[in-house]
Amino acid sequence: MNIVYTVCTNNHLPFAYSLGDSLKKTNPKYQFVIGLVDVLPRIVFQDKFQIIPVENLSLPYFEELNEKYSVMELCCAMKPCYATYLFNENADIQELIYLDTDILVKGDLSRIEEYLKINDIILTPHISKPVPLSSHWNEKSFLNAGLYNAGFFALKRTENTFRFLQWWTEREHKMGYYDFEKGMGVDQLWLNFVPIYFEKVFIAFDIGYNVAYWNLQERTLSKIEGVYFINQNTPLVFYHFSGYSLEKPKLISKHLKSKSYLSDNQDLIDLFKEYRTLISGNNYEDFRKIKPAFGKYIEVTEDSLVVSFIKKGLLKIINFIENVNLGYYYYAK
Amino acid sequence: MSKTIAFTICSINYLAQAKTLGESLAIHNPEIEYVIGLVDRLDMVNIDADKIPQNTLLEIDKIGIEGFEEMCENYNITELNTAVKPFYFDYFYENYPDVQNVIYFDPDIIIFQPLTELLNNLSKFQIIITPHLSVETALDNFIPNETNHLNTGIYNLGFLATSRGDESFQLIDWWKERLKTECKIDLKNGLFVDQIWINFVPLYFKNYFIEKGDGYNVAYWNLQTRNVSERKGKWYINDSPLIFFHYSGYELKKTTIVSKYQNRIHFDNRPDILPLFEYYSEKLRANHNDYFVNFKCHYIKPNKIKKYKRVRKVLQFPFIKLLSILSRKGVV
């Protein structure tokens, strides 16, 4: 038996459970484990999946991370720690797959096992083709955020993998901040080094894997006889609802701001609708408001329309004063 | 044997470096044609004819870059000198149909060994790049550490080797397009000149090779894992022959500093590297570094500084204040 795990806080448990449900349905031979970077919720919930609270990891420096990291940074930092823990605690496990909580598995994961026969570490790229500069988002995002998406990785139990996990854990301990200007992008940006530093790293370009807003321009989703396909010919294996929020059901991802509403592809709309139903069915309303116990928690409050209108106006005025041509000095440097 | 062009790009102030690179290449690979791409105008300055390198000088205005004036307007000297790189690649492949390989070296590189292995690899791959780090570097606060490379690029673009083919052409076209407007130093927006764009090569292409050999592109960013030694008149990096050394950030006006871009490597704790730098500084001096270094690049505009900075601040104040009040939590 092999393990698929995810890492999240209580308020994301409905997403984790939906991931677990989808995995059970499509790949029943995997055991699903939730790494909970939180204290166990008081709400009684179905215990159909194994939950490992972060305290079980007995991480000697956890308090340090709790103090300095945001909830998101902390969760990301725990990914490699859980991988090491799961390998250590389950001597019979040879392979480990990590999936972000906001992923939905729709197809057979067995190709990953094929890849892991001759490789130790599997990653997926955000994009595999150039994105025109004129499109509403472009490649620059991934120069900051990282080439490979950390929402998925698969590992085989080898010395090489443990060397990678140790390296990643150390970086997540010291430099796991979300601070692009300083060359840090939580757990993900570090992955840029992985194909260079480590042996037996395989980059899976399979179009059915890790489909998300960042690669929909090269992958078209469609439903054929009830089954989701990418580019008409390849079954969808898993979709990553990165940046999707049930509060804004028409926005494909908050990372894309405007222009990215679910409007033109009915099959995609159906997939998102199916996802919303699953999340709601997993007690979304009960869990979403639980405040995470660890990490710095910043509550997101939305501006009202009027306030955001005034703010935009103010920014325009400030910008105008800054840039209005009152003449220039010239000097040669 | 297939024909190869090696080129560098610089302004007049770096001609001593470019000449030194050319000399080192001529010793080991005389069959490779060497060209200096000059982002400058020789006819706009008084320059001693006897000091100008005898290499082929290809001025930037001769290769016909569409939109070059806008690039000059928007870029500083580093940005401009790096942004034109793919345009030179393009020019060479277009205008020399018999040329099979085009290799770029930064002017502050010199060659120590015949490039036999590299040329052999170019017969198998269309794109060859070198990473800054091929093994992990300890997490510390010295510059550069791994986070600096995550900001500025996994691969060092002081070196890029290509051979004629569909993928190298696709790379050049894509890179040209990006560098027309996006060759900035702007870390918070993911940009670092031409270099960081090359991060995408392993995602977009198949016919590439990442050269991690100890002897390639040796520089301050990898010296912590690469030791220099001399045996029987030949230089070695660990156990491999030194192919080329990149003296990035080294200046004759301050020869006690390994590189102005870093604080990790010093001559005090790395006596093994000193002879390589002494050798280089001699060459630069002989090639008139002190003479060239003061020339200003023709294409770089004087810095524009806005007037009335204080007046602007005062005028902005009430609006900024109001914005900060509105941004406080709890205001609906």
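Scroll up to find the structure.
Structure report, in brief. Given the structure is predicted, the values throughout are model-derived calculations rather than measurements. (Residues numbered from 1 in each chain as written. Chains lettered and ligands numbered in written order. Predicted model: local features only at pLDDT ≥ 70, side-chain atom pairs only at ≥ 80, totals over all residues. Heavy atoms only, no water.)

## Some thoughts on the sheet that holds strand 4 (residues 95–99) of chain A
Residue and element names in this part refer to chain A. With mixed pairing, the 7 strands of this open sheet are ordered in space as 3-2-1-4-7-6-10. Here the strands that pair on one side only, and so sit at the sheet edges, are strand 3 (50–53) and strand 10 (201–203). Averaged over all neighbouring strand pairs, the angle between strand axes comes to 25 degrees, with direction disregarded. For strand 6 (residues 121–125) and strand 10, the ladder comprises 3 bridges, and the chain directions are parallel. In the strand pairing of strand 10, I122 is matched with F202. The strands touched by helix 3 (residues 71–89) within the sheet are strand 1 (2–8), strand 2 (30–36), strand 3, strand 4 and strand 7 (148–156), with strand 1 carrying the most contacts at an inclination of about 155 degrees. (Pairing = 2+ DSSP bridges. Helix = DSSP H or I, 4+ residues; strand = E, 2+ residues; numbered from the N terminus. Axes fitted to C-alpha atoms, helices over the stretch in contact; angles between N-to-C directions. Contact = heavy atoms within 4.5 Å.)

## Examining the packing of helix 3 of chain A against helix 6 (residues 159–174) of chain A
Residues and elements named next belong to chain A. Running from N to C, helix 3 and helix 6 point in directions that differ by 145 degrees, and their axes come no closer than 8 Å. When the axes of helix 3 and helix 6 are compared, the crossing they make is left-handed. Two secondary-structure elements touch here, helix 3 through C76, A77, P80, C81, A83, T84, F87 and N88 and helix 6 through T161, F162, L165, W168, T169 and E172. (Left-handed = near helix turned anticlockwise from the far one by under 90°.)

## Here's the deal with a nonpolar patch on the surface
The grouping of L305, V306, F309 and I310 of chain A at the surface amounts to a nonpolar patch, some 480 Å² of accessible area in total. With respect to the element layout, L305 of chain A can be found in helix 10 (residues 305–323). (Patch = residues over 30% accessible without salt bridge, like charges linked within 9 Å, V, L, I, M, F, W, Y side chains within 5 Å. Areas by Shrake-Rupley, 256 points an atom, 1.4 Å probe, with all protein chains shown as cover. Salt bridge = Lys/Arg side-chain N within 4 Å of Asp/Glu carboxyl O.)

## A few points about the side chain of R178 of chain B
Along the chain, the position of R178 of chain B falls in helix 7 (residues 166–181). In this structure the side chain of R178 of chain B is engaged in a polar contact, spanning 2.5 Å, whose partner is the side chain of E139 of chain A. What R178 of chain B contacts, discounting residues up to four positions off in sequence, is P130, V131, P132, L133 and E139 of chain A together with C183 and W197 of chain B. (Polar contact = N/O pair within 3.5 Å; in protein donor to acceptor, adjacent residues only side chain to side chain.)

## Here's the deal with the interface of chain A and chain B
Tallying the contact residues gives 56 residues for chain A and 54 residues for chain B. Taken together, the two surfaces of chain A and chain B that pack against each other cover about 5200 Å², and 66% of this comes from carbon and sulfur. Taken together, the connections running from chain A to chain B amount to 3 salt bridges. E139 of chain A is the salt-bridge partner of R178 of chain B, the closest N and O atoms lying 2.5 Å from each other. Viewed at the interface, chain B and chain A are joined by 19 residue pairs in polar contact (both at pLDDT 80 or more). For the side of chain A that touches chain B, the elements supplying multiple residues, two or more each, are helix 5 (140–145), helix 6, helix 7 (194–197), helix 10 and strand 15 (328–331) of chain A. In terms of residues, the side of chain A that touches chain B owes the most to one element, helix 10 of chain A, which gives 10 residues. Classifying every residue of the side of chain A that touches chain B by side-chain character gives 35 nonpolar, 8 polar and 13 charged. (Buried area = accessible area lost by both parts, 1.4 Å probe. Nonpolar A, V, L, I, M, F, W, Y, C, P; charged D, E, K, R; others polar.)

## Focus: unusual backbone geometry
At the junction of I143 of chain B and P144 of chain B, the peptide bond is cis and its omega measures out at 0 degrees in the coordinates. A positive phi angle, near 45 degrees, is found at S58 of chain A, a position not held by glycine. Tracing the chain through its elements places S58 of chain A in the loop between strand 3 and helix 2 (62–68). According to the relative accessible area criterion, S58 of chain A is exposed, its value standing at 58%. Located in the positive-phi region is N210 of chain A, a residue other than glycine, with phi close to 50 degrees. Looking at where N210 of chain A falls in the secondary structure, it is placed in the loop between strand 10 and strand 11 (221–224). Judged by its relative accessible area of 1%, N210 of chain A falls in the buried class. (Buried < 20%, exposed > 50% of the residue type's maximum accessible area, 1.4 Å probe, protein only.)

## So, the sheet that holds strand 1 (residues 3–10) of chain B
Residue and element names in this part refer to chain B. Strand order in the open sheet formed by 7 strands is 3-2-1-4-7-6-10, with mixed pairing between adjacent strands. Looking at which strands have only one partner, the edges of the open sheet turn out to be strand 3 (56–59) and strand 10 (208–210). Ignoring strand direction, the axes of neighbouring strands in this sheet form an average angle of 25 degrees. Looking at chain direction, strand 2 (residues 33–38) and strand 3 are connected through 4 bridges and run parallel. Its bridge partner lying in strand 3, G37 is registered against L58. Its contacts with the sheet place helix 1 (residues 15–28) against strand 1, strand 2, strand 3 and strand 4 (99–105), and it is angled at close to 170 degrees to strand 2. This element, helix 7, spans strand 6 (127–131) and strand 7 (155–163) of the sheet and lies at about 135 degrees to strand 7.

## Describing the packing of aromatic side chains
One pass over the full model with this rule turns up 67 aromatic pairs over all chains. Ring centres of Y197 of chain A and F198 of chain A lie 6.1 Å apart, and the angle between their planes is 75 degrees; this geometry places the pair in the edge-to-face category. By relative accessible area, F198 of chain A is classed as buried at 4%. Note on Y220 of chain B and W221 of chain B: the rings are 4.9 Å apart at their centroids and 75 degrees apart in plane angle, and the pair reads as edge-to-face. Both residues of the pair, Y220 of chain B and W221 of chain B, count as buried. In this structure an aromatic cluster arises from ring pairing among Y5, Y98, F153, F164, W167, W168, W190, F193, Y197 and F198 of chain A. If you follow K51 of chain B out to its NZ or CZ, it ends over the ring of Y291 of chain B, 4.5 Å from the centre. For R231 of chain B, the ring lying beneath its charged end belongs to Y236 of chain B, and the centroid distance is 4.4 Å. (Phe/Tyr/Trp six-rings, centres within 6.5 Å; stacked < 30°, edge-to-face > 60°. Lys NZ or Arg CZ within 6 Å of the ring centre and 35° of its normal.)

## Some points on the pattern of salt bridges
Tallying each qualifying case throughout the model produces 30 salt bridges over all chains. Between K79 of chain A and D187 of chain A there is a salt bridge, with its nearest N and O atoms 2.6 Å apart. Separated by 108 residues along the polypeptide, K79 of chain A in helix 3 and D187 of chain A in the loop between strand 9 (184–185) and helix 7 bring together distant segments of the chain. We classify K79 of chain A as buried; its relative accessible area is 5%. When its relative accessible area of 2% is taken as the criterion, D187 of chain A is described as buried. For K3 of chain B, the salt bridge goes to D98 of chain B, with nearest N and O atoms at 3.5 Å. Within this pair, whereas K3 of chain B is found in strand 1, its partner D98 of chain B is found in the loop between helix 4 (85–95) and strand 4, the two being separated by 95 residues in sequence. Residue D98 of chain B is classed as partly exposed on the basis of its relative accessible area, which comes to 49%. Connected via shared salt-bridge partners are R41, D43, E59, D61 and K62 of chain B.

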